[in-house]
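Here is what each chain is made of, one letter per residue.
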Amino acid sequence: MHHFAYRDGALFAEDVDLREIADKVGTPVYVYSSATIERHYRLYEAAMASTAPGKPAHVFYAMKANSNLGVLKTLAALGAGADTVSEGEIRKALAAGFPASKIVFSGVGKAESELAFAVEAGIYQVNIETEGELDLLSKVAQRLGKRQEAVFRVNPDIGAGGHAKITTGSSANKFGVSFEEVHRLYARAANMAGVRIMGLAVHIGSQIREVDAFEAAYTKMRDLVLALRAEGHRVDRLDLGGGLGIPYEVPKDFDHGPGLIEAYAGMVAKLMQGLDAELGFEPGRLIVGNAGILLTKVLHLNPRPTKEFLVVDAAMNDLMRPAMYEAYHEIWPVAEPAEGAKTIAYDVVGPICESGDTFTAGRELSALKPGDLIAFMTAGAYGASMSSTYNQRPLVAEVLVKGDKFAVTRPRQTYEELIGTDRAPPWLP
Ligand SMILES: Cc1ncc(COP(=O)(O)O)c(C=O)c1O
Ligand SMILES: N[C@@H](CCCC[NH3+])C(=O)O
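Calculation rules
- Residues numbered from 1 in each chain as written.
- Chains lettered and ligands numbered in written order.
- Predicted model: local features only at pLDDT ≥ 70, side-chain atom pairs only at ≥ 80, totals over all residues.
- Axes fitted to C-alpha atoms, helices over the stretch in contact; angles between N-to-C directions.
- Helix = DSSP H or I, 4+ residues; strand = E, 2+ residues; numbered from the N terminus.
- Parallel < 35°, antiparallel > 145°, perpendicular 65-115°, else oblique.
- Contact = placed C-beta atoms within 7 Å.
- Nonpolar A, V, L, I, M, F, W, Y, C, P; charged D, E, K, R; others polar.
- Buried ≥ 20, exposed ≤ 12 C-beta atoms within 10 Å, placed from the backbone.
- Arc of directions from axis to C-beta.
- Domains from an automatic or database assignment.
- Pairing = 2+ DSSP bridges.
- Near = placed C-beta within 6 Å.
- Left-handed = near helix turned anticlockwise from the far one by under 90°.

Visitor: What should I look at first to understand the packing of helix 4 (residues 87-96) against helix 5 (residues 112-121) in this one?
Guide: A pair of packed helices is characterised by two quantities: the angle between their axes and the separation of those axes. Close contact between helix 4 and helix 5 brings their axes to 9 Å; oriented N to C, the two are set at 25°. By the angle between their axes, helix 4 is roughly parallel relative to helix 5. Together, Glu87, Ile90 and Leu94 of helix 4 and Glu114, Phe117, Ala118 and Ala121 of helix 5 make up the contact between the two elements. Looking at the contact of helix 4 with helix 5 residue by residue, the classes come out as five nonpolar, no polar and two charged.

Right, here's the structure in full:
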């Protein structure tokens with residue numbers, strides 16, 4: 001099942017013709033499908049609920065993947081919690097309706113003010129990544145007259161993921177405390193008035209499409225839970241992170257069926273059977289990746305003796321995954337190409353003054369002309385949320401579709417918003 005599909009010769013998002021969105025909102029524009037978000041969340045949540053019968057399985061949506069307010073509200077209404085990595089994300093999660101009691105605060109470098117905000121808001125859990133953070137959290141919470149529940153994020157020294165820049169679980173990466181250190185930190189924390197350590201967390205990387213790497217890391221975590229308990233510590237929670245990958249390259253069906261999710265859930269259930277810990281999960285990409293596209297318009301053709309450039313109105317600042325990770329996104333023309341239509345190998349590029357502003361090189365697409373619309377598929381995760389205003393390009397609009405309705409959930413940034421907050425120093429006219 002896919003909620004972006006051709007109908008009557010044009011690409012639709014659910015029951016909305018993308019040409020209509022382009023007409024009314026302009027391009028480039030991110031378009032998200034409520035039905036896809038809902039479907040993926042329910043599928044995932046049900047599978048994780050089966051991993052520890054009788055215990056709650058907490059799903060904290062990793063909102064860094066897509067923090068559009070419409071997307072967040074859709075997930076909050078479905079009962080999801082939120083995995084956050086900054087005060088800004090906590091504030092936005094609260095604004096979107098996630099209760100503080102369902103918010104987790106992860107991240108390598110949390111500032112004192114951010115910890116204070118989190119403690120005051122009464123969030124569910126802080127995932128501690130360094131000894132310094134443990135001390136700081138306890139101090140801050142004590143000052144506020146509170147005792148914050150927290151877990152230690154452990155680095156399992158198992159790296160995985162689609163690209164070196166998105167692996168996080170190897171000891172070469174900056175994330176988490178080491179296996180050796182966690183025993184000492186657990187013991188130290190027992191005497192701290194401002195924190196109550198509830199258990200452990202792990203997250204090994206992103207876009208991982210095989211269960212083996214997770215299994216290796218989770219086996220280590222399970223053994224660590226048992227070892228800490230044997231030392232007399234209380235370990236009630238195990239947060240297993242996110243990172244389950246999605247198909248980017250399937251041409252006609254982007255929907256990850258239950259296959260990988262079920263295999264993952266089955267592995268977790270088997271491994272954690274009888275552990276008697278509350279499990280937590282932090283999926284990001286899996287929920288929203290295939291729920292979004294970036295709709296863009298062809299501006300110019302630039303034929304060269306050796307190749308043809310297709311210049312579109314989106315650029316690397318709007319979708320930086322190809323430039324940053326050599327990531328692959330399917331490109332679908334909005335007007336459905338006729339069966340057997342001739343194709344041309346295009347280098348699809350944006351207007352930014354960087355050679356890296358190239359979405360793809362030598363991609364075979366049906367012949368296109370200025371004004372035609374194309375869609376970068378699978379752009380719902382780490383698309384808009386990673387965009388910038390490089391080259392003084394305003395942040396693009398975001399639209400949420402539901403059935404035959406759509407709403408602009410974030411308008412395109414205005415030039416006043418983009419430029420208007422700058423201040424000249426007093427010594428210049
Ligand atoms: C701590 C943590 N949890 C969850 C996620 C979500 O990852 P993904 O979008 O791959 O599921 C990330 C990002 O990789 C993360 O750093
Ligand atoms: N932003 C990355 C993945 C990193 C996830 C956050 N730890 C991507 O687009 O694939």
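Visitor: Would you take a moment to explain helix 7 (residues 179-189) for this structure?
Guide: Given 3.6 residues per helical turn, the α-helix brings residues three or four places apart onto the same face. Among all positions in helix 7, only Val182, Tyr186 and Ala189 are buried. The arc that holds the buried residues of helix 7, viewed along the axis, is 70°, so those residues lie on one side. Opposite its buried face, helix 7 presents the exposed residues Glu180 and Arg184, each directed more than 90 degrees away. Looking at the buried positions of helix 7, the neighbouring elements they touch are helix 6 (131-143), strand 9 (148-155), strand 10 (177-178), strand 11 (195-201) and helix 8 (211-230).

Visitor: I'm lost on the domain arrangement of the chain in this one. Help?
Guide: Taken domain by domain, the chain consists of domain 1 (4-31 + 290-419) and domain 2 (34-286). Each of domain 1 and domain 2 was reduced to a C-alpha centroid, and the two centroids are 32 Å apart. Taken together, the contacts link 23 residues of domain 1 with 24 residues of domain 2. Where the side of domain 1 that touches domain 2 is concerned, the elements lending two or more residues are helix 11 (321-325), strand 20 (397-402) and strand 21 (405-410). The dominant element in the side of domain 1 that touches domain 2, judged by the number of residues it contributes, is strand 20, at four residues. Of the residues assigned to the side of domain 1 that touches domain 2, the class counts are eleven nonpolar, seven polar and five charged.

Visitor: Please clarify how the sheet that holds strand 1 (residues 4-7) should be interpreted in this entry.
Guide: An order of 1-2-3 is seen for the three strands of this open sheet, with the pairing classed as antiparallel. The open sheet is flanked by strand 1 and strand 3 (16-17), the only strands paired with a single partner. The sheet contact formed by strand 2 (residues 10-13) and strand 3 spans two bridges and is antiparallel. Residue pairing for strand 3: Phe12 is matched across the bridge by Asp17.

Visitor: Where do I start with the site of ligand 1 in this structure?
Guide: Lining the immediate surroundings of ligand 1 are 15 residues, of which Ala62, Ser206, Gly242, Gly284 and Arg285 lie closest. Among the residues making up the shell around ligand 1, the classes are represented as four nonpolar, eight polar and three charged.

Visitor: Is there a simple way to think about the pairing of strand 15 (residues 308-312) in this case?
Guide: Successive side chains on a regular strand alternate, one facing one side of the sheet and the next facing the other. Alignment of strand 14 (residues 292-303) against strand 15, held across five bridges, turns out to be antiparallel. Considered in strand 15, the bridge of Leu301 is made with Leu310. Counting the residues in the hairpin turn of strand 14 and strand 15 gives four residues. In this structure, strand 15 lies alongside strand 17 (residues 343-349), joined through four bridges in parallel fashion. What sits directly across from Val311, in strand 17, is Val349.

Visitor: Please explain the packing of helix 3 (residues 69-77) against helix 4 as it appears in this structure.
Guide: Helix 4 packs onto helix 3 with a crossing angle of 60° between their chain directions and a minimal axis gap of 9 Å. The pairing of helix 3 with helix 4 is recorded here as oblique in orientation. For the crossing formed where helix 3 meets helix 4, the hand is right-handed. For the pair helix 3 and helix 4, the contacting residues are Leu69, Leu72, Lys73 and Ala76 in the first and Lys92, Ala93 and Ala96 in the second. For the contact of helix 3 with helix 4, the residue count by class is five nonpolar, no polar and two charged.

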